[in-house]
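One letter stands for each residue in the lines below.
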Amino acid sequence: MALESIFTSFPTYVWLSLLLAVPALTLLHDVWLWLRMPPGPTPLPFVGNNLQLPKSQPWIQFQKWSKVYGPIFTVWIGRKPTVVLSDPVIAADLLEKRSNKYSSRPRMVAMGEILWDGASVLVQPYGKEWSIRRRLLHQALTPKALRLYKPVQTAEASRLCYQLLQTPLNWEKLLERFTSSIVFSVAYGHRIDSLNAQVIRQRFDFMHYSASLNVPGKYAVESFPFLKHIPDVLAPWKAEIKAHGRREAEANMALVNVVRSDLARAKIQGVDIPDSLCKLLLELREKEHIPLSDRDFSFIPASLFGAGSDTTASTLCTAFLALVTHPVTLRAAHEELDAVIGPSRTPTFDDESRLPYIRALVKEVLRWRPVAVLGGTPHASTEEDFYEGYYIPAGTTILGNSWAINLNEEYYPNPHQFNPTRFLDIPAEKASLPNLHSGKPHPARSGHSSFGWGRRICPGADLAANTLFVAVAKILWGFDILPIKGVRYDTFAYTDGFNIRPRKFECEIRARSEAHREILEREQRDAEHVLEVYGPFVE
Ligand code: HEM
């Protein structure tokens with residue numbers, strides 16, 4: 001039967017009813033889901049809560065909604081439900097205890113599939129491909145491997161202190177160089193002496209480009225994934241994303257090749273090269289089959305920069321803001337450092353167990369203003385589930401709102417007060433005891449949720465914690481970090497985006513005494529010897 005006669009064989013009212021039936025059934029389906037899922041702000045048909053979502057800092061609005069609808073609520077992004085968690089116990093119940101159901105990522109077509117072609121561990125769906133990459137990362141970040149990175153972290157922290165003596169006003173850039181250099185030394189065994197190094201400029205370009213793809217509504221392919229199959233000639237937007245992806249992959253492979261030639265040269269000359277994650281993985285690849293192409297392999301060490309450099313630098317910026325606005329904590333830190341370390345050297349990792357206040361201060365920085373403010377990258381469920389009587393369908397996006405979780409007054413009374421003593425007297429094995437301020441016990445050993453949850457928890461958490469410890473301990477040993485008279489500090493003035501950082505502010509950073517300055521200068525000279533072996537990536 002010709003198509004035309006199919007159309008004409010039914011009266012118009014049949015076609016009209018069909019035309020109305022599709023949206024009506026879709027709506028019925030959504031309402032049925034809405035009634036069974038955790039409550040939340042009332043969504044509009046097809047539009048969801050889009051009109052109620054703020055353009056910036058959504059975590060603040062999410063926190064307000066948690067007070068109205070409870071610690072687990074649903075917001076609808078168009079027709080897609082997102083469950084937002086604001087309580088650490090609920091986050092642990094779902095994302096950790098039921099991690100077999102909640103360890104995937106929502107589909108990110110432009111970024112994860114077109115740009116990176118599934119190579120990045122960060123946005124990969126839960127499954128075999130993800131676990132191959134994750135296992136490799138773990139092998140290069142075991143406690144034993146982390147010990148290998150401590151000398152360069154210590155030396156870089158000494159260099160940071162020296163640079164703070166020279167150009168204290170430039171502190172934010174110095175922190176960025178510091179964390180970039182650690183991440184590159186750990187990833188590839190090469191340090192960064194300047195943020196102008198081409199390799200760094202390139203990494204920032206890659207980061208900004210990938211972030212620009214992740215803007216809701218920018219690409220229709222996110223709502224209609226079949227569009228990714230349109231041939232490149234008919235889809236210039238897609239060709240452009242792929243070209244960026246090729247450039248990034250080439251740059252990643254070039255970095256692995258640097259380490260390959262370092263290894264080859266070392267073999268010929270019979271010398272050692274610095275231990276790095278890339279070196280460990282290349283050596284592993286010699287011994288066992290790793291089912292990844294060169295391209296996919298090269299994304300593993302490369303993931304360290306995107307995930308680990310800016311996050312750690314921003315956390316240090318928050319530490320400075322906290323110290324400037326809570327001077328009592330600076331005094332307490334100085335007291336501990338003076339008593340335990342004394343005046344003739346700076347602290348090292350060997351002192352960590354004897355510096356409980358500094359350790360607590362680092363945890364409190366991570367809690368107080370969590371850099372990955374919406375829990376980093378969202379989780380997604382792969383099976384349907386019921387929690388406290390609510391239905392959560394497979395494919396739901398789950399957001400752990402770290403802002404609301406870390407500032408939940410039931411767990412952290414007076415949550416905006418920066419107070420490291422919350423984390424004192426909680427030995428690791430007894431972390432479930434109520435904290436000093438009688439908040440409810442937090443389910444995580446660390447006492448906060450800033451590194452995420454379950455199978456997707458940040459694999460670089462211990463590496464980052466080590467960097468933060470050694471930097472904070474050395475800086476506080478040597479410096480006063482003080483507010484500038486007349487300046488009003490706003491502890492809520494933070495940037496927008498997935499990772500947050502305090503908006504630019506000034507503070508006074510000065511050596512505590514001439515004697516402290518001399519020690520810092522002396523230790524910088526020692527650090528240079530350690531850093532020598534980590535050849536720099538030149539500008
Ligand atoms: C203060 C510093 C850091 C913070 C606050 C942080 C936080 C986070 C968070 C919240 C997540 C998402 C966890 C989840 O989905 O439940 C994450 C994932 C990740 N982080 Fe970190 N991170 C930091 C530093 C690092 C470092 C130094 C590395 C380098 C090894 C790193 C590598 C990663 C990777 C590869 C993922 C993706 C894991 C996956 O999807 O399986 N991060 N991070």
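Conventions we followed
- Residues numbered from 1 in each chain as written.
- Predicted model: local features only at pLDDT ≥ 70, side-chain atom pairs only at ≥ 80, totals over all residues.
- Helix = DSSP H or I, 4+ residues; strand = E, 2+ residues; numbered from the N terminus.
- Rg over C-alpha atoms; globule rule 2.2 N^0.38 Å.
- Contact = placed C-beta atoms within 7 Å.
- Near = placed C-beta within 6 Å.
- Nonpolar A, V, L, I, M, F, W, Y, C, P; charged D, E, K, R; others polar.
- Expected span 1.5 Å × (residues − 1).
- Buried ≥ 20, exposed ≤ 12 C-beta atoms within 10 Å, placed from the backbone.
- Pairing = 2+ DSSP bridges.
- Core = buried A, V, L, I, M, F, W, Y, C linked by C-beta atoms within 7 Å.
- pLDDT = per-residue confidence, 0-100.
- Axes fitted to C-alpha atoms, helices over the stretch in contact; angles between N-to-C directions.
- Left-handed = near helix turned anticlockwise from the far one by under 90°.

Peer 1: Is there a simple way to explain the overall build of the protein in this structure?
Peer 2: Helix and strand content of the protein: 17 helices and ten strands. Against the 2.2 N^0.38 benchmark of 24 Å for 539 residues, the protein shows a C-alpha radius of gyration of 26 Å, consistent with a compact globule. By its C-alpha atoms, the protein is 95 × 60 × 45 Å across when sized along the principal axes. For the protein, contacts bridging at least 24 residues in sequence account for 74% of all contacts bridging at least 6.

Peer 1: How should the site of the ligand be read in this particular structure?
Peer 2: The environment of the ligand is made up of 27 residues, and the closest members are Gly308, Gly376, Gly452, Cys458 and Gly460. Those elements that place two or more of their residues in the shell around the ligand are α12 (294-325) and α16 (461-478). No other element matches α12, which puts seven residues into the shell around the ligand. Tallied by class, the residues present in the shell around the ligand amount to 13 nonpolar, twelve polar and two charged.

Peer 1: I would appreciate a short explanation of helix α14 (residues 356-368) in the present structure.
Peer 2: Along an α-helix, a turn takes 3.6 residues, which lines up residues three or four apart on a common side. Compared with the 18 Å implied by 1.5 Å per residue over 13 residues, the 18 Å span of α14 between its first and last C-alpha is a close match. The buried fraction of α14 is high, at twelve of 13 residues. Where α14 is buried, its residues meet α12, α13 (327-340), α15 (402-406) and α16.

Peer 1: Even after reading the chapter, I still don't get the sheet that holds strand β7 (residues 397-400), so can you show me in this structure?
Peer 2: Sheet strands pair by backbone hydrogen bonding; their relative direction is either parallel or antiparallel. What the four strands build is an open sheet, ordered β1-β2-β7-β4; its pairing is mixed. In this open sheet, the two edge strands, each paired with only one partner strand, are β1 (72-77) and β4 (379-380). Pairing geometry for strand β2 (residues 80-85) and β7, over four bridges, is parallel. Counterpart to Leu85 in the pairing with β7 is Gly400.

Peer 1: Which parts of the structure should I look at to understand the nonpolar core?
Peer 2: In globular proteins that are soluble, nonpolar side chains generally tend to be buried together. Counting residues in each nonpolar core, the largest one holds 93 residues, and the members touching the most others are Ile358 and Val472. Broken down by element, this core gets its largest block of residues, 16 residues, from α12. With residues up to four places along the chain from it excluded, the contact list for Ile358 reads Ala333, Glu336, Phe469, Val472, Ala473 and Leu476. Trp65, Val84, Leu94 and Ile392 belong to the second-largest nonpolar core, a separate cluster that totals 30 residues.

Peer 1: Sorry if this is basic, but what is going on with the environment of Arg260 here?
Peer 2: One can find Arg260 in helix α10 (residues 236-269). For Arg260, a count of 14 C-beta atoms within 10 Å corresponds to the partly exposed category. In this structure, the C-alpha to C-alpha distance between Arg260 and Glu283, residues 23 residues apart in sequence, is 9.8 Å.

Peer 1: Any chance you could explain the confidence of the model for the protein here in plain terms?
Peer 2: Should the pLDDT be low somewhere, the predicted coordinates at that spot are not to be read in detail. Of all residues in the protein, 96% attain a pLDDT of 70 or more, and the chain-wide mean is 93. Counting contacts from residues 428-436, a segment whose pLDDT is below 50, to residues more than four positions away or on other chains yields 17 contacts.

Peer 1: Help me out: how do you make sense of the packing of α12 against α16 in this one?
Peer 2: When two helices pack together, their arrangement is given by the angle between the helix axes and the distance between those axes. Two elements in contact, α12 and α16, have axes separated by 11 Å at closest approach and are oriented at 35 degrees. Note that α12 runs across α16; the crossing there is right-handed. From α12, Gly308, Thr311, Thr312, Thr315, Leu316 and Ala319 reach across to α16, where they touch Leu463, Ala464, Thr467, Leu468, Ala471 and Val472. For the contact of α12 with α16, the residue count by class is seven nonpolar, five polar and no charged.

Peer 1: Honestly, helix α4 (residues 88-97) in this entry has me stumped. Any pointers?
Peer 2: Taken as a whole, α4 has its buried residues at Pro88, Ile90, Ala91, Ala92, Leu94 and Leu95. Elements that come into contact with the buried residues of α4 comprise β1, β2, β4, β5 (385-387), β7 and α15.

Peer 1: Explanation requested: the environment of Asp30 in the structure shown.
Peer 2: Assignment of secondary structure puts Asp30 in helix α2 (residues 12-36). Residue Asp30 is classed as partly exposed on the basis of its C-beta count, with 17 C-beta atoms lying within 10 Å. C-alpha separation for the pair Asp30 and Gly48, spaced 18 residues apart in sequence, amounts to 9.9 Å.

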